[in-house]
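Descriptive analysis of the structure
The chain contents come next:
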Amino acid sequence: MSSIHLPVRIEFGLDSSITIGSEFRSLKCSKVMVVSDKGVINAGLLDKILKSLADAKVESVLYDNVVPDPDVKCVEQARDFYISERCDGILAVGGGSSIDTAKAAGALITNSEPIVSMGGMGKVKNPLPPLIAIPTTCGTGSEVTNVTVVTDEYHFKVPIISPYLIPKVAVLDPNLLTSLPPSLVAATGMDALTHAIEALTNKLENWYADMCAIKAIEMIGKAIRPAAAGGNVKALSEMLYASTLAGISFTLSRLGLVHAMSHPISGFAGVPHGVANAILLPYVMSFNLVGNPEGYALVAKALGIVGRSGVLETAKAGVEEVIGLNHQLGIPKSFKDVGVKENLFPQMITDTFKSGNVAINPRRVSEKDVEIIYQASFAGD
Ligand code: NAD
């Protein structure tokens, strides 16, 4: 059984974000809450977008208190702001943190339950106000996904999953990525690669998702280094497109152990999502290989590996390729390097098993396995 439900229009192109005013006009919105963060604003990314809204006679107010790994307070504040300003539409401009804040605030506006009570699948009962997303990183794919992630008071990253969370329109404007520093291109790009690899290799079968995932892996494998080197709009365009494809793939086919283990790392130790995924990815791939060697061989081939004898050898070469990518992109080698403390492991192991992505991981996984992977990725072995 598999299903394809993608109720989002995707607009891609240089300067596509400056058509945003007419997008909201056609949605019959007259006052839009723009959700973003200080980094995006300081990079000057909102100027032309706000002008486009004003030119189309769409009023806008700015909610700019988005924090990384948005928490309950952040998304409730955004909801309260929308209501007090009597808005009738939402525009998210930023990375996954801004888009997820906009989605969660939207869910709170039309649903009476607390946000964490909507955690899991299918608990958002009513559609959101009209929501358009403009991503400015090349990672999360949140502009097309059916999920928002909100950190609760216990540092647990609660995934809220519903087709209502898919934005009406995703506007992909590669020009907005030119201000991204190399470290963010690298980290968010490795996040997108992780999405595609997990969606392709986990236990769920969805050919459309696989097709998007393979294309995303191919594009990221070729574009991530030149994009992170700076000044290459073509490579950034490819990364942006690929991260959206990867988002489609995991919306249809979900994820795996990397995400189950990286969410506690971000929730407890504040390691950025992309960095946490990038550090864990080769360790989890190595562990998972025997669970789905054919799937990981496909990953390797999409990354450009040729000429290995046998499926397992090809799959292993894919892991080496990912290790090499992390190294060339300057991703920290271990969790020790980014300030994670070993005494957090017991709680992180417990939280890993709260994720639905463990059950669909290509290889059965025990608490001991997770502990070994955390320890190895802590030490950088
Ligand atoms: P982010 O949104 O947290 O942004 C990271 C930093 O990059 C911020 O300081 C921001 O100001 C800055 N930034 C963003 N765009 C910039 C630009 N063009 N120029 C300069 N600076 C820029 O990072 P992210 O990795 O995109 O998002 C991570 C969040 O997304 C996490 O909370 C994660 O859980 C969530 N996520 C959501 C989904 C989903 O489908 N909903 C999927 C994966 C991750």
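Some words on the packing of helix H9 (residues 257-269) against helix H10 (residues 273-288)
Closest axis-to-axis distance for the H9/H10 pair is 9 Å, and the angle between their directions is 140°. With respect to their mutual orientation, H9 and H10 come out oblique. Pair H9 / H10 crosses with right-handed handedness. Contacts between H9 and H10 involve Leu257, Val258, His259, Met261, Ser262, His263, Ile265 and Ser266 from the former and His273, Ala276, Asn277, Leu280, Leu281, Val284 and Phe287 from the latter. Grouping the amino acids of the contact of H9 with H10 by side-chain chemistry returns nine nonpolar, six polar and no charged.

Some thoughts on the site of the ligand
In the vicinity of the ligand lie 26 residues, with Ser97, Asp100, Thr136, Thr145 and Lys157 positioned nearest. The separation between a nitrogen atom of the ligand and a polar side-chain atom of Asp100 is 2.7 Å. One of the side-chain N or O atoms of Thr136 is found 2.7 Å from a nitrogen atom in the ligand. For the ligand, the accessible surface in isolation is 870 Å², of which the surrounding protein chains cover 88%. Elements with a contribution of two residues or more to the shell around the ligand: helix H2 (38-42), helix H5 (96-110), strand S7 (147-151) and helix H6 (182-201). Tallied by class, the residues present in the shell around the ligand amount to nine nonpolar, 13 polar and four charged. For the shell around the ligand, the two domains that each supply at least three residues are domain 1 (9-177) and domain 2 (182-379).

Some details on the side chain of Asn202
Checked against the element boundaries, Asn202 lands in the loop between H6 and helix H7 (207-229). A polar contact of 2.9 Å, which involves the side chain of Asn202, links it to the backbone oxygen of Leu255.

Considerations on the domain arrangement of the protein
Parsing the protein into structural domains produces domain 1 (9-177) and domain 2 (182-379). Centre-to-centre separation of domain 1 and domain 2, based on C-alpha positions: 25 Å. Between domain 1 and domain 2 we count five residue pairs in polar contact (both at pLDDT 80 or more) in total. Taken together, the elements giving at least two residues each to the side of domain 1 that touches domain 2 come down to strand S1 (9-12) and S7. By residue class, the composition of the side of domain 1 that touches domain 2 is 14 nonpolar, eight polar and four charged.

So, the pattern of salt bridges
As enumerated under the stated definition, the model contains 15 salt bridges in all. Asp55 serves as the salt-bridge partner of Lys51, at 2.9 Å between the closest nitrogen and oxygen. Taken together, the residues Lys51 and Asp55, both in helix H3 (residues 47-55) and four residues apart, mark about one turn of the helix. A salt bridge links Glu371 to Lys368; the nearest nitrogen and oxygen atoms lie 3.5 Å apart. With Glu371 and Lys368 both in helix H14 (residues 367-379) and three residues apart, this pair spans about one turn of that helix. Salt bridges sharing partners connect three or more residues here, namely Arg9, Glu11 and Glu23.

Calculation rules
- Residues numbered from 1 in each chain as written.
- Predicted model: local features only at pLDDT ≥ 70, side-chain atom pairs only at ≥ 80, totals over all residues.
- Heavy atoms only, no water.
- Axes fitted to C-alpha atoms, helices over the stretch in contact; angles between N-to-C directions.
- Helix = DSSP H or I, 4+ residues; strand = E, 2+ residues; numbered from the N terminus.
- Parallel < 35°, antiparallel > 145°, perpendicular 65-115°, else oblique.
- Left-handed = near helix turned anticlockwise from the far one by under 90°.
- Contact = heavy atoms within 4.5 Å.
- Nonpolar A, V, L, I, M, F, W, Y, C, P; charged D, E, K, R; others polar.
- Near = heavy atom within 4 Å.
- Polar contact = N/O pair within 3.5 Å; in protein donor to acceptor, adjacent residues only side chain to side chain.
- Areas by Shrake-Rupley, 256 points an atom, 1.4 Å probe, with all protein chains shown as cover.
- Domains from an automatic or database assignment.
- Salt bridge = Lys/Arg side-chain N within 4 Å of Asp/Glu carboxyl O.

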